[in-house]
Amino acid sequence: MASAAVLSEARATIDVVPRWDDAPIVGRADELGRLLAHVQRAVDGRSSAVLLSGDAGVGKTRLLDELTARAAERGIRVLSGHCVDLGEVGLPYLPFVDLLRPVAAEPELAPIAATNPVLTGLLAGRTPGPPPVPAPTEGRDLSRPLPNRAAPQPADDGRLQLFESVAGLICELAAAAPLLIVLEDVHWADRSSRDLLRYLLSRLVDEPVVVVASYRADDLHRRHPLRPLLAELVRLPTVERVELAPLPDADVATLVRELAAGGVPESTVDDVVIRAEGNAFYAEELLAAGLQGEALPLGLTDVLLARVEQRSLAAQQVLRIAAVAGRRVRHELVAAVGGLGTGELEQALAETVHHHLLVVSDDGRYRFRHALLREAVLADLLPGERVRLHASIAAYLAEVPAAGTAAERAHHARESNDLPSAFSASLEAAVAACSVGAPAEQLQHLEAALALWPAVPDAAVRAGRDQVALLMETAAAARSGGESHRAVALLRSALGELGPDADAVRVARVRYTLAQAMVRVEDVAGAHRESAAALALVPATPPSEARTWAAATHARMSYAVGALSEGDAAADEALAAAAALGMDDAWSDTAVSQVRARSDTDPAVVRGLLDEALERARRSGDVDVEMRVLFNLASVAFENGRIEECLSWAGQATGRARDLGIEWSFYPAELRHLQVTALYVAGDWDASLAEADLLARVPEMAAHVRAAGLLVLVGRGDPAAEERLGWAKALIPRLREHVLLGLVTGAAEIDLAAWKGEAATAAEAALGACRRLQAQWPDDHLGVLRLVGTALASAADAAAAARLVGDASGAQRWVTAGDELIDIARSAVEVHAAAYGPMGVEAQAWLTRVESEGARLHGDPAPDRWRASVEGFGFGHAYEQARSRWRLAEALLATGDRVSAARQAAAAHEVAVRLGATPLRTAVEALARRGRLDVALPGVRTPDVSAVLTPREAEVLALLAQGRTNKQVGAELYISEKTASVHVSNIIAKLGASGRTEAVAIAAARGLLPTP
Ligand SMILES: Nc1ncnc2c1ncn2[C@@H]1O[C@H](COP(=O)(O)OP(=O)(O)OP(=O)(O)O)[C@@H](O)[C@H]1O
Ligand SMILES: [Mg+2]
């Protein structure tokens, strides 16, 4: 088959992408385990065999490379032979000659090889020749007289002797060490090799030999000569068949990232993962092409098309129709469009299936075995041919509407340039998508219709509405699908379409809708301008629906920009008008805006209003408003520390959103984020992470949900945190206005750096994140409290380490840097108090944390402050409370209250263990060791400085901690300065520090220093 050569050539061309052979294998643990079990069997002295099947490029060779490396490590001799596609001719025994090459090169490996003439002949390339007569099953032509037709088959054409000799050679080799024989690509094996393989597998029983033969599953058509052999072999007791399935998407993503060494955007990774469908080779090719900006790599196209070109003309026609029809195609459609006779059609379809080009899906339709194959066939069509096929399919679908969906009709009509039909079908498809709750698809179809609008003369008649109405509808779909930016753009173009003479009420509607969309992309000032403009366009009397919504929207936007009295006036009007007109949704929306504008309202009143708002929103059937109310109910509960209640609201809301198909619209996404956070706070870390990871591919505007998984990953010290942090950070430049994404990413970055002891990175990240938040939410940026609280921890550590070595100016630098952060936190509290009043319990808790860390920064243990911080997080934030307890224990130790310190440390440790919060756990354990706390922490051994440092080094370290120079150390310990410096270097190296100061800090953190 020609494809083999092309495939290997194509591979040779991937040079922009680093080859992966040295890099670790991705996934495949299960299959490798099964293969290794067979190797073990051989080691135990029994023969064993595996038939490894998988599609071309799925990773058979890579897996076998891994296997042979592992086997070689265990002292097993590995012999590999490759079959090569040489078409009909075939060199007999080629894979075995290949396999035995090492023996030919080193005859002492197996003396028999040099003495047995059959073997010397084989190894020298002189084989007994192919079997003289084709086997009866392999196409003997009985009509033509053959010269030797009557002659009897020779009982032994010399082959038996050869088989025996090879088996003997293998046994001799195996007597020295267990043997792994790998035969690659046996779908190309010549007949002699097949026979030899059959012979060996049935002959070898009690030898330490394992044979692994690989073959391409997709090459085995129905009459492939390997088939009968496989069927026979699997019946042998020692033979197992292992199928190599496509790699899971996550593994392909890992592979792509590794290949690109971090150099490609995540969107490319996603794109390659989707298109490769688990095929490693395709993934590599697509990545290489992606880097070069090619759609479908040429090498890959050739490989794929080579398989098509070998088929009959009718089969190729079927493939072209299937490719144009879509990923799945019904028999009837091919019959109607194909122009083939019934018998011919059946045969052509059967041919494509038997050669693994098409497969029959569960629903009885045909689909391409691999989507890239379809792409290749499509790319190979001439433009005219393609348009013609689309037109035939469109005509068929118009005639038999039940045969396809409106979306399909739209697609084929558009591709065959029947734009009016495409337009109408797109609108139908949008209705269908909406009715099954699929806003993303609805949006796509509406946008398709909008694009066709100018090209369809009677568009308004066909649509039954004008373009502005269609734009508004499209914007609404965009909002439901979480595409807020798109919604804003669509509404702006609706506004542009209306022009100066348009009906004022209509303009007002567009403007307040635009305001509602703008606030979702954090353009609060712009939203306020639009809502004011809307209000000015509609008179207050008589009350009207448009005026009510304009007032409701303006109330909300006024509150958002901090114009409280302007907001109140609009809200009062909206509430009165909504009540008068029976507009429950507008009433609810306004009630929520009003009650959330101030934080000093009596909680009972807040709750009462929100409950009523929920009831009215539900009655009105307006799910947008309903979700907003639910979000606020959940947020209020969260802010007041009622985490259980928050989770119950959020769970209820996200469940309903899922049912409605608006899971990723604005509020449902916010609710999901809240859920991830609340589960984390409540200490249910597994659930939090699972919720964040529910979908690996989320719409960008919901990226903060997935990013929120960082809370748990960082808390656990999970190595995956780095990667996810990288992913989230890469999104920020593009999604700058996505405040929560920035916040959660910033917090994770700071905490991660803090745990690693990189105080400068933590402080810098905190400053950046705080400044961004201040700019984005000028009067409500209490989020900085958490950023500052976390960053201060490492600044205070660094200051303490500097003090420990008597580096006063170093300590002062950290104090100055930390104080700058504390100022930001204090100012956020003041600004918030002026605009909104008191803060929620979580913010309160973080404020106590900032103050406690501030004291520590200045060298004041301040146990009382830390006690307040422990109490502050007592509302139910398990982890942060434990973290505060750890510091409280430290402060208590410093002030001499060892008993209380031990109690706090034990409590913190218990939580850290329960959550799997490894960094915190390690820190508490180090504290217990360092302070020699009288507390039994499960799993903690008493400190053993001697295991790390020699006694002399321990003495030197103690002096270093007092800030002594090498000379002073030498004088004190009666050793030379030079010897002292050698000890210092050793200490630094053993602790993995970059210098003496850091060595002391590390030693202190690990409990290696005597308590001062
Ligand atoms: N699990 C894996 N981890 C990392 N790389 C892989 C993995 N599987 C395959 N690859 C890479 O993908 C490419 C194709 O894999 P491989 O050559 O093993 O496929 P194959 O199944 O042997 O294909 P063929 O049938 O064409 O011989 C290779 O470059 C290989 O290194
Ligand atoms: Mg291979």
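Residues numbered from 1 in each chain as written. Chains lettered and ligands numbered in written order. Predicted model: local features only at pLDDT ≥ 70, side-chain atom pairs only at ≥ 80, totals over all residues. Heavy atoms only, no water.

Caption draft 1: Molecular detail of the packing of helix 24 (residues 467–480) against helix 25 (residues 484–498). Running from N to C, helix 24 and helix 25 cross one another at 170 degrees; their axes reach a closest spacing of 8 Å. The angle between the axes of helix 24 and helix 25 places the two elements in the roughly antiparallel class. Of the two elements, helix 24 crosses helix 25, and the hand of that crossing is left-handed. Contact with helix 24, carried on its side by Gln467, Val468, Leu471, Met472, Thr474, Ala475, Ala478 and Arg479, involves Arg486, Ala487, Leu490, Leu491, Ser493, Ala494, Glu497 and Leu498 of helix 25 and no other residues of that element. Its residues placed into classes, the contact of helix 24 with helix 25 shows 10 nonpolar, three polar and three charged. (Axes fitted to C-alpha atoms, helices over the stretch in contact; angles between N-to-C directions. Helix = DSSP H or I, 4+ residues; strand = E, 2+ residues; numbered from the N terminus. Parallel < 35°, antiparallel > 145°, perpendicular 65-115°, else oblique. Left-handed = near helix turned anticlockwise from the far one by under 90°. Contact = heavy atoms within 4.5 Å. Nonpolar A, V, L, I, M, F, W, Y, C, P; charged D, E, K, R; others polar.)

Caption draft 2: Up close: the site of ligand 1. Taken together, 21 residues form the shell around ligand 1, and within it Gly57, Lys60, Thr61, Arg62 and Glu284 come nearest. Separating an oxygen atom of ligand 1 from a backbone N or O atom of Val58 is a distance of 3.3 Å. Within the side chain of Thr61, an N or O atom sits 2.6 Å from an oxygen atom of ligand 1. For ligand 1, whose accessible area on its own is 620 Å², the fraction buried by protein is 95%. At the level of elements, helix 1 (2–12), helix 3 (60–73) and helix 13 (280–292) are the ones that each hand at least two residues to the shell around ligand 1. A per-class count over the shell around ligand 1 returns nine nonpolar, three polar and nine charged. (Near = heavy atom within 4 Å. Polar contact = N/O pair within 3.5 Å; in protein donor to acceptor, adjacent residues only side chain to side chain. Areas by Shrake-Rupley, 256 points an atom, 1.4 Å probe, with all protein chains shown as cover.)

Caption draft 3: Representation of the nonpolar core within the structure. In this structure, Met627, Val629, Leu785, Leu857 and Leu920 are the most contacted members of the largest nonpolar core, which totals 137 residues. Ignoring sequence-local partners within four residues, the contact set of Val629 consists of Ser588, Val592, Leu610, Ala613, Leu614 and Ala617. (Core = buried A, V, L, I, M, F, W, Y, C linked by side-chain atoms within 4.5 Å. Buried < 20%, exposed > 50% of the residue type's maximum accessible area, 1.4 Å probe, protein only.)

Caption draft 4: Main features of the sheet that holds strand 7 (residues 358–360). As summarised here, the arrangement of the three strands in space is 6-8-7, forming an open sheet in which the pairing is antiparallel. Single-partner strands in this sheet number two, and they are strand 6 (328–329) and strand 7. (Pairing = 2+ DSSP bridges.)

Caption draft 5: Layout of unusual backbone geometry. In this structure, the amide linkage connecting Thr541 to the following residue, Pro542, adopts the cis form with an omega of -10 degrees. Following the sequence through the fold, Pro542 ends up in the loop between helix 27 (524–537) and helix 28 (545–560). Even without being glycine, Asn417 reaches a positive phi, approximately 65 degrees. Residue position: Asn417 is located in the loop between helix 20 (406–415) and helix 21 (419–435). Its relative accessible area of 57% is what places Asn417 among the exposed residues. Here the phi dihedral of Ala862 falls at roughly 45 degrees; this positive angle occurs in a residue that is not glycine. Note on placement: Ala862 falls in the loop between helix 43 (841–857) and helix 44 (863–872). By relative accessible area, Ala862 is classed as buried at 10%.

Caption draft 6: Local environment of a positive patch on the surface. Side chains of Arg222, Arg223, Arg227 and Arg241 sit close together on the surface and give a patch of like positive charge. Relative to the helices and strands, Arg241 resides in strand 5 (residues 239–244). The exposure class of Arg241 is partly exposed, given its relative accessible area of 38%. (Patch = residues over 30% accessible without salt bridge, like charges linked within 9 Å, V, L, I, M, F, W, Y side chains within 5 Å. Salt bridge = Lys/Arg side-chain N within 4 Å of Asp/Glu carboxyl O. Lys, Arg positive; Asp, Glu negative; His and termini not counted. Charge placed at Lys NZ, Arg CZ, Asp CG, Glu CD.)

Caption draft 7: Geometry of the pattern of salt bridges. Throughout the structure, instances matching the rule amount to 55 salt bridges. The residue Glu266 makes a salt bridge to Arg257 at a minimum N-O spacing of 2.9 Å. Accessibility expressed as a relative area gives 24% for Glu266, which makes it partly exposed. The class for Arg257 is partly exposed, based on a relative accessible area of 25%. The network of salt bridges with common partners includes Asp584, Glu612, Glu615, Arg616 and Arg619.

Caption draft 8: Representation of helix 2 (residues 29–43) in the model. An ideal rise of 1.5 Å per residue puts 21 Å on 15 residues; helix 2 measures up with 20 Å between its terminal C-alpha atoms. Listed in full, the buried residues belonging to helix 2 are Glu31, Leu32, Leu35, His38, Val39 and Ala42. Taken down its axis, helix 2 places every buried residue within 120 degrees of arc, on the same side. For helix 2, the exposed residues lying more than 90 degrees away from the buried face are Ala29 and Asp30. Structurally, helix 2 contributes buried residues whose contacts are with strand 1 (48–54), helix 3, strand 4 (209–216) and strand 5. At the exit of helix 2 stands Gly45, carrying a positive phi of roughly 100 degrees. (Expected span 1.5 Å × (residues − 1). Arc of directions from axis to C-beta.)

Worth remembering: the numbers are spatial, not functional.
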